[in-house]
Amino acid sequence: MEESGRRVPEMREADGGDRAGTSRRRLVIRCCSLNGREPESVDKEAESVQRLLEEERRAKLSARIASGEFTVQRSGFISLLKNGLSKFGAPSGMLELLSQWTGAHEDYPKIPEAKGAIRAIRSEPFFIPLYELYLTYGGIFRLTFGPKSFLIVSDPSIAKHILRDNSKSYSKGILAEILEFVMGKGLIPADGEIWRVRRRAIVPALHQKYVSAMISLFGQATDRLCQKLDEADSNGEDVEMESLFSRLTLDIIGKAVFNYDFDSLTNDTGIVEVLLLVLDSRTVEAVYTVLREAEDRSVQPIPFWEIPIWKDISPKQRKVKASLKLINEILDNLIAICKRMVEEEELQFHEDYINEKDPSILHFLLASGDDVSSKQLRDDLMTMLIAGHETSAAVLTWTFFLLSMEPSVMSKLQNEVDSVLGDRFPTIEDTKKLKYTTRVINESLRLYPQPPVLIRRSLEDDMLGKYPIRRGEDIFISVWNLHRCPKHWEDADKFNPERWPLDGPNPNETNQNFSYLPFGGGPRKCVGDMFASFENVVAVAMLVQRFNFEMALGAPRVEMTTGATIHTTEGLNMRVTRRIKPPIMPELEMPVLNGNSGGLSEVEPELAQREEIAVPL
Ligand code: HEM
C-alpha cells in the first residue's frame, strides 16, 4: 500500500513467546496504527491480543517465581544451633555473642530473597525482570547472582529513607567505581567531604538568571535541529531521532557547561573543510567513545577493564584512553582560556553573576574564585557534560516515541504550543504557560525515568523498613518500579499526561512522597533539574510547533536497552513532516545571549526555591 510515496507497513505480529517487555509489545502493535491508517477496530483488537500475551507472559513468570525457582532456601542453621545450645542450658550471654558473631539478626524478619541467573536477564534491560520480581517479592528484596548480592528497593518510604532521611549513611558504591575512569571525583560519583565542597561550589552556578539565559541557547540549538529535519523532509528522507537528540543535547551542554561548541548537528555531515572542524568531529567522537564505554561498564558483570595487560593491549581500551586524553587536553585548554578571560574582565562577582559573552558554568566557577585543582575542575565539568547530555537526549527520545503512539496527546500539545507561541521562539515567560507541554514531559519521565535505577551502598548498619541491613550492602533503588507501581498509579503503564492536573503543582519527589523521582531526591538530587526541564520544554515545543512526527514506515521495532539511561536498540526512526498550519517559519524574535537578553531580567521569584520547583508553572 502506498501513501505519499511511502510504503505503509504491514501490521507486524506481536512478540510470540519470548520475554519482551510490556512496552515492547505495545510498540509492535501500535506502531502500525500511528498514522491513523488502520481502522480503529483493528487497533483495539491488536491491543487486546497484546494484553492477552502480556498476561500470559506475566502468568508464566509468576508461576516460575511461585514454584520457588528464584527463591533462596535458607537452612535456618543459626536458629537451629541456638535452639539446640539453649536446650543444653547454654548461658544467654553466649547465645547473644553467637548472634552477634554470625551477624544474624535472628529476631527480625528476613528480607525476602531471590536468586537470579545472569543468563535469564541478558536478553533484555535488567530493570524489566526487576519489575517482575518486585511484583512477587515486594518493596524490598535481596537478589543474589552467584557470590554477588544486591538489595532491590521499590518502596517509596524506604527510598525516602535512603535518599533523604538517612542519606549520610549511604555512598554511591559501585557507581563511583564504574565511573571513576571518566568522572574521577566529579559530583556524581564523589562522596563525603569532596562531594560536600563541590556541591556547595557548583549549585550556585546554576542560579535562576543563568538558567533563564540558557533559554535562548536551547532555542538556537533546537533551531539547528529543525533545519536538519526540514532538509530531511524536503528530500523525502526518514530520520533517526535518537542520535539527533543526542547531538542536540551534546551541543547544548557543551556550550552551557564550558562554552564549547561541539556543533555536532553540523559535524556529522562528513564534509570536513577546515582544521577546526576536524578537531570538533574528533572531539565529538572522543566524547561518544567515552560515553559508550561508561555505559558498557555499567552493565558488565566482570570489570574486564581492570585486567592487567588486557587493559593496555585491548584496541577498545586503547581507544578509550586516547579519547580521554583528547578530552582532557581540550578541557585544560578551555579552563586556561576561561581563566584568562576572568583575569581580564572587570565585572564584580556577585550571587547571580553571569558573563554574557560566556555564561558557562566554568566561567562562573572561575569568577567565583573557586579554589580547586584543575583535575577536580575537569572531573566536575566532565560529570556535568555526561549527566546533562544522555539524560536529556533519552527524555526527548522517549517523549517523541510516546507522542507518536498517542496522536490525541500530540494534537492537544500542538494546540497549546500554537496558542502560546504562534510562530515565535519560546521565551522564559512562554515556558511558564506551556503547562500541557510540561505535563507531557512529566509523564514521559514517569514511564521512562533516566536513569531507571539509583545506586547506593550502605556505609553503616541501618534499618530499611522492618529489616536490618549491614554496612556494605549494594542497593538498587528502582525508579522504574516506583514509577510503574500498579498500587500507586492508575493504569500505570499508560501514557496519560492528564493524570497531572494543569492547575496542580509541578510533580516532584516531595509532593509525590517519593513515588515519583524524576530527578532523585534528598541532598543528592539533580543539580540540573531546572536546566533540563526548560531545555526539554523548549525543544519539545519548538519541534511540534513546526513538524508532525510519526514512526517511519517499515521502521524496526522500538525496543529498550540500557546503559546509564534507557536507549532504543535500533534507534527511533521517524517520518518528520513540516506542519502546514499554522505558518511554520518563526519570526526569529529570539532573545540573544550577547547583548540585551530579553529573558534575563524577568525571572519569576519562585524559581529561586529550587528544592521545590523543577519547572515553572
Ligand atoms: C532530563 C534530564 C536529567 C535527568 C532526568 C537527571 C536525573 C538525575 C538524577 C535522577 C540524579 C540523582 C542521581 C542519584 O541520586 O544517584 C541526578 C544527579 C545529578 N545530575 Fe541530573 N538529570 C538531568 C539533567 C542534568 C543536567 C542538565 C545536569 C547539569 C547541568 C545534571 C547534573 C547532575 C549532577 C551533577 C548530579 C549529581 C548531584 C549530586 O550527587 O550532588 N543533570 N540527575
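Residues numbered from 1 in each chain as written. Predicted model: local features only at pLDDT ≥ 70, side-chain atom pairs only at ≥ 80, totals over all residues. Heavy atoms only, no water.

K.L.:
Can you walk me through the confidence of the model for the protein chain in this structure?
P.N.:
Low pLDDT marks regions whose predicted coordinates should not be analysed in detail. Averaged over all residues, the pLDDT of the protein chain is 80; the fraction at 70 or higher stands at 73%. With pLDDT under 50 throughout, residues 1-40 is counted as low confidence; its partners more than four residues away or in other chains account for 99 contacts. Complex prediction metrics read pTM 0.80 and ipTM 0.99. (pLDDT = per-residue confidence, 0-100. Contact = heavy atoms within 4.5 Å.)

K.L.:
When you look at the packing of aromatic side chains in this model, what are you seeing that I'm missing?
P.N.:
This model, assessed by the stated rule, comprises 22 aromatic pairs. Relative to Phe127, the ring of Phe126 lies with its centre 5.9 Å away and its plane at 75°, an arrangement referred to as edge-to-face. Accessibility expressed as a relative area gives 0% for Phe127, which makes it buried. Between Phe547 and Phe549 the ring centres are 6.4 Å apart and the planes differ by 75°, which places this aromatic pair in the edge-to-face class. One aromatic cluster in this structure is built from Phe126, Phe127, Phe150, Trp398, Phe401, Tyr448, Phe476 and Trp480. (Phe/Tyr/Trp six-rings, centres within 6.5 Å; stacked < 30°, edge-to-face > 60°. Buried < 20%, exposed > 50% of the residue type's maximum accessible area, 1.4 Å probe, protein only.)

K.L.:
Looking at this structure, I do not really get the coordination of the iron atom of the ligand. What am I missing?
P.N.:
Reference geometry at the metal: tetrahedral coordination by four donors gives ideal angles of 109.5 degrees; octahedral coordination by six donors gives 90 or 180 degrees. From the protein, the iron atom of the ligand takes a single donor atom, Cys526 (SG), 2.3 Å away. When you line up the elements, Cys526 lands in the loop between α21 (479-484) and α22 (529-546). (Donors = N, O, S within 2.8 Å, 3.2 Å for Na, K, Ca; no water. Helix = DSSP H or I, 4+ residues; strand = E, 2+ residues; numbered from the N terminus.)

K.L.:
Before we go on, may I ask you to explain the pairing of strand β8 (residues 453-458) in this structure?
P.N.:
Each regular strand displays side chains that alternate between the two surfaces of the sheet. Most of β8 is tucked away: five of the six residues are buried. Pairing of strand β6 (residues 170-171) with β8 involves two bridges; the strand directions are antiparallel. Directly across from Tyr170, in β8, lies its bridge partner Ser458. Pairing analysis gives five bridges linking β8 to strand β11 (residues 474-478), with the strands arranged antiparallel. (Pairing = 2+ DSSP bridges.)

K.L.:
What is the right way to look at the sheet that holds strand β7 (residues 239-240) in this model?
P.N.:
Either a parallel or an antiparallel arrangement is found when strands of a sheet pair, and the pairing is made through backbone hydrogen bonds. Taken in spatial order, the three strands line up as β7-β15-β12 in an open sheet, and their pairing is antiparallel. Strands with a single pairing partner mark the edges of an open sheet, and in this sheet they are β7 and β12 (547-551). Of the pairings in the sheet, the one linking β12 to strand β15 (residues 573-578) comprises five bridges and is antiparallel in character. Looking across to β15, one finds that Phe549 is bridged to Val576.

K.L.:
Help me understand the packing of helix α9 (residues 192-202) against helix α17 (residues 374-405), please; the structure alone is not making it clear to me.
P.N.:
Angle between the axes and distance between the axes are the two parameters that describe a pair of packed helices. At a minimum axis distance of 12 Å, the contact between α9 and α17 shows a crossing angle of 70°. Considering the angle they form, α9 stands roughly perpendicular to α17. Crossing geometry of α9 relative to α17 is assigned as right-handed. Contact residues: Ile194, Arg198 and Ile202 in α9; Gln376, Leu377, Asp380 and Met384 in α17. (Axes fitted to C-alpha atoms, helices over the stretch in contact; angles between N-to-C directions. Parallel < 35°, antiparallel > 145°, perpendicular 65-115°, else oblique. Left-handed = near helix turned anticlockwise from the far one by under 90°.)

K.L.:
Sorry if this is basic, but what is going on with unusual backbone geometry here?
P.N.:
Residues apart from glycine generally show negative phi values, whereas peptide bonds are mostly found in trans. For the peptide bond that leads from Gln450 to Pro451, omega is 0°, which places it in the cis range. Considering the arrangement of structural elements, one finds Pro451 in the loop between α20 (435-447) and β8. Positive phi, normally seen in glycine, also occurs at Phe514, with a value near 65°. Relative to the helices and strands, Phe514 resides in the loop between α21 and α22. With a relative accessible area of 1%, Phe514 lands in the buried category.

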